Amino acid sequence: MKKYVIAIDGPAASGKSTTAKLLAEKLRYIYIDTGAMYRACALFAEENRVSLEDIPSLAELLERIEIRIEYSDAGNRIFLNGKDVTARIREADITKLSSEIAVIGIVRKKMVELQRKIGREGGVIMDGRDIGTVVFPDADFKFFMIASVGIRARRRWLEARDKGERLSLEEIEDELIWRDRNDSTREIAPLRKASDAVEIDTSSMTIAEQVDFIMNYIGKRKMRSSYRLLIFLLKITMRLFYRYRLIHGERIPQQLDLILAANHISAYDPPMIGAIMPEEIYILAKIELFRNPLFARFISYLNAIPVKRGRVDRKALERVMNLLRHDKPVLIFIEGTRKSSQAKAGVGKIALETGKDILPIYVKNSNRFWDCLLGKKRLCIVIGERIKTSSLPLQASNKENYRLIAEYVLNKIYELDNECQDS
Ligand code: DC
């Protein structure tokens, strides 16, 4: 199986390292605490009495520094030029100095080089401040952990108390506030959430919940390799032959646990929408498509769910709701068939009964292959704003509301046509 690079960033005491350590154990990955590397640099500067203003001497130190991480289930040990400094680098003076030394360009350059070297084979979880933004901007998974400063201070205070250190909660909180500011306002690689990172507020989460959240997230995102390959080929086709444009792709949520609702103009709509989604999606397909056993196997492999048309297919409905309840994304063509332009009530029922939100998707010109190829048209897919089911004014489960919701969603979809007028 593919070995991923997983980036976890966030401020101090947001839960990164404990979570990352446990995840690494579960996944049998290497865990790299990049903060420890900056801490080791700080300690080296301190031991050699090199001031942080003295850049030439620092550069010389960096030539001589050797940071080694020994991985073990009992926790990693950090060696600085052969000496075990695991405990020493956690002391208050080094903590402060590590944030100060992390501002310096040559230090960061050296650390980033080392980190990239360790992570290049994959199978690694790295935590820090700039992993998702600078060290591995193409990481397979990026998480950004946050928690209120009060909660973070309390966590650190409990840790310190367990180690027999006497620090007041205020002292710890002040130090965290100072470090947050220093880490996030520096010029080079400041602490910042990558635009494609998943934010996790750990303020009221247990460690087990944090680990479960990430494991579930990764599990859901795992695509079968042949599915991944098909998507890759499809995307190339869409670019080359259909000159495809995706509008408002940023509206595709990181957590795809919702109903994808689209209009339907071509038999290629389902795979095309599937191709732009970051995880495997499920699609309702008319049962007639399953007549040919070979084709049936193919589309079943692509997560197609057979649905009988013309009346309510309870079995299909149940399957869809089950998938959604398990946070899987299901694509529904609101009009049912390509020929209809009327909203079918099903989407309203599914939304109200599962409480899942709806992501409107508008597809244009997927049925104009030749026009696209000849440069007259372009395939255009527009992502609408997420419709929050819980805030719809129609909460009672009845047929009239199902229909009204479906019509509302269909209108939202067709409004998106404005976004690709020039296609
Ligand atoms: O995660 P930590 O508290 O051990 O990190 C110590 C300091 O190192 C932190 O205040 C800022 C710096 N650091 C950084 O600048 N970039 C990283 N990727 C990790 C840590």
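Scroll up to find the structure.
This structure is a prediction, so every number in the text was calculated from the model and none was measured.

Criteria and cut-off values
- Every chain is numbered on its own, with residues counted from 1 as its sequence reads.
- Reporting in this predicted model follows two pLDDT cut-offs: at least 70 for local features of residues, and 80 or more for side-chain atom pairs to be given and counted; totals over whole chains, interfaces and linings ignore these cut-offs and use all residues.
- Derived side-chain values reflect all non-hydrogen atoms in the structure, with water molecules and hydrogen atoms excluded from consideration.
- Stacked, edge-to-face and tilted are the three classes for Phe, Tyr and Trp ring pairs, Trp counted by its six-membered ring, which pair at centre distances within 6.5 Å; planes under 30 degrees apart are stacked, over 60 edge-to-face, the rest tilted.
- Strands here are runs of E lasting at least two residues and helices are runs of H or I lasting at least four, both read from the DSSP assignment and numbered beginning at the N terminus.
- Each residue's exposure class comes from its accessible area (1.4 Å probe, protein chains only) as a fraction of the maximum for that residue type: buried when under 20%, exposed when over 50%, partly exposed otherwise.
- Sitting over a ring, as applied to charges here, requires NZ of Lys or CZ of Arg to be within 6 Å of the ring centre and within 35 degrees of the ring normal.
- One requirement defines pairing of two strands: DSSP has to find at least two bridges between them.
- Only the stretch in contact is used when a helix axis is fitted, and all axes are lines through C-alpha atoms; the angle between N-to-C directions ranges over 0 to 180 degrees.
- Each angle is binned into one of four classes, with values under 35 degrees roughly parallel, values over 145 roughly antiparallel, values of 65 to 115 roughly perpendicular, and all other values oblique.
- In a left-handed crossing the near helix is turned counterclockwise from the far helix by less than a right angle, and in a right-handed crossing that turn is clockwise.
- Working rule for contacts: check all heavy atoms of both residues, and any pair within 4.5 Å makes them a contact.
- Three classes are used, and their members are as follows: Ala, Val, Leu, Ile, Met, Phe, Trp, Tyr, Cys and Pro are nonpolar, Asp, Glu, Lys and Arg are charged, and the others, Gly among them, are polar.
- In what follows, salt bridge is the name for a side-chain nitrogen of Lys or Arg lying within 4 Å of a carboxyl oxygen of Asp or Glu.

A. Examining the packing of aromatic side chains more closely. Scanning the model with the defined rule gives eight aromatic pairs in all. An angle of 80° between the planes, with centres 6.2 Å apart, marks the rings of Phe 141 and Tyr 217 as edge-to-face. Placement of the pair is Phe 141 in strand β7 (residues 141–146) and Tyr 217 in helix α9 (residues 207–221), with a sequence separation of 76 residues. Each of the two residues, Phe 141 as well as Tyr 217, counts as buried. Aromatic side chains Phe 143 and Tyr 217 sit 5.5 Å apart centroid to centroid with 80° between the ring planes, which places their arrangement in the edge-to-face category. One end of the pair, Phe 143, is in strand β7; the other, Tyr 217, is in helix α9, with 74 residues separating them in the sequence. When its relative accessible area of 6% is taken as the criterion, Tyr 217 is described as buried. Here a set of aromatic residues connected by ring pairs shows up, and it is made of Tyr 4, Phe 141, Phe 143 and Tyr 217. Seen from the ring of Phe 79, Arg 68 lies directly overhead, with NZ or CZ sitting 4.5 Å from the centre. The ring of Trp 178 carries Lys 96 above its face, with NZ or CZ at 4.8 Å from the centroid.

B. Structural view of the sheet that holds β7. Spatially, the five strands line up as an open sheet ordered β2-β6-β1-β7-β8, and their pairing is parallel. Each end of this open sheet is capped by a strand with a single partner; those strands are β2 (30–33) and β8 (198–201). Taken over all neighbouring pairs, the strand axes of this sheet differ in orientation by 20° on average, direction set aside. With five bridges connecting them, strand β1 (residues 5–9) and strand β6 (residues 124–128) associate as parallel partners. By the bridge assignment for β6, Ile 8 is matched with Asp 127.

C. Local environment of unusual backbone geometry. Its identity as a non-glycine residue notwithstanding, Arg 28 has a phi of 60°, on the positive side. Along the polypeptide, Arg 28 turns up in the loop between α1 (16–27) and β2. Taking relative accessible area as the criterion, Arg 28 reaches 70% and is therefore assigned exposed. Residue Ala 189 is not a glycine yet carries a positive backbone phi of 45°. Residue classification places Ala 189 among the buried positions, given a relative accessible area of 12%.

D. Quick peek at the packing of α1 against α9. Interaxial distance between α1 and α9 falls to 9 Å at its minimum, and their mutual angle equals 55°. Between α1 and α9, the crossing angle belongs to the class labelled oblique. Remark: the crossing between α1 and α9 carries right-handed chirality. For the pair α1 and α9, contact is made by Thr 18, Thr 19, Leu 22, Leu 23, Lys 26 and Leu 27 and by Ile 207, Gln 210, Val 211, Ile 214 and Met 215, respectively. Among the residues forming the contact of α1 with α9, the class breakdown is seven nonpolar, three polar and one charged.

E. Structural context of the pattern of salt bridges. Enumeration over the complete set of coordinates arrives at 31 salt bridges. Put simply, Lys 96 and Glu 100 hold a salt bridge, and the shortest N to O gap is 3.0 Å. Within this pair, Lys 96 and its partner Glu 100 are both found in helix α4 (residues 92–101), separated by four residues, close to a single helical turn. Judged by relative accessible area, Lys 96 falls into the partly exposed class, the value being 40%. Classification of Glu 100 as partly exposed rests on a relative accessible area of 26%. Residue Asp 371 pairs with Arg 368 through a salt bridge whose shortest N-O separation is 2.9 Å. Salt bridges linked by common partners bring Glu 46, Arg 88, Glu 91 and Asp 93 together as one network.

F. Highlighting the pairing of strand β4 (residues 77–80). Note: strand β3 (residues 67–70) against β4, four bridges, orientation antiparallel. Following the sheet pairing, Ile 69 is matched in β4 by Ile 78. Where β4 meets strand β5 (residues 83–84), two bridges bridge the pair, whose relative direction is antiparallel. Across the sheet, the residue bridging to Leu 80 is Lys 83, located in β5.

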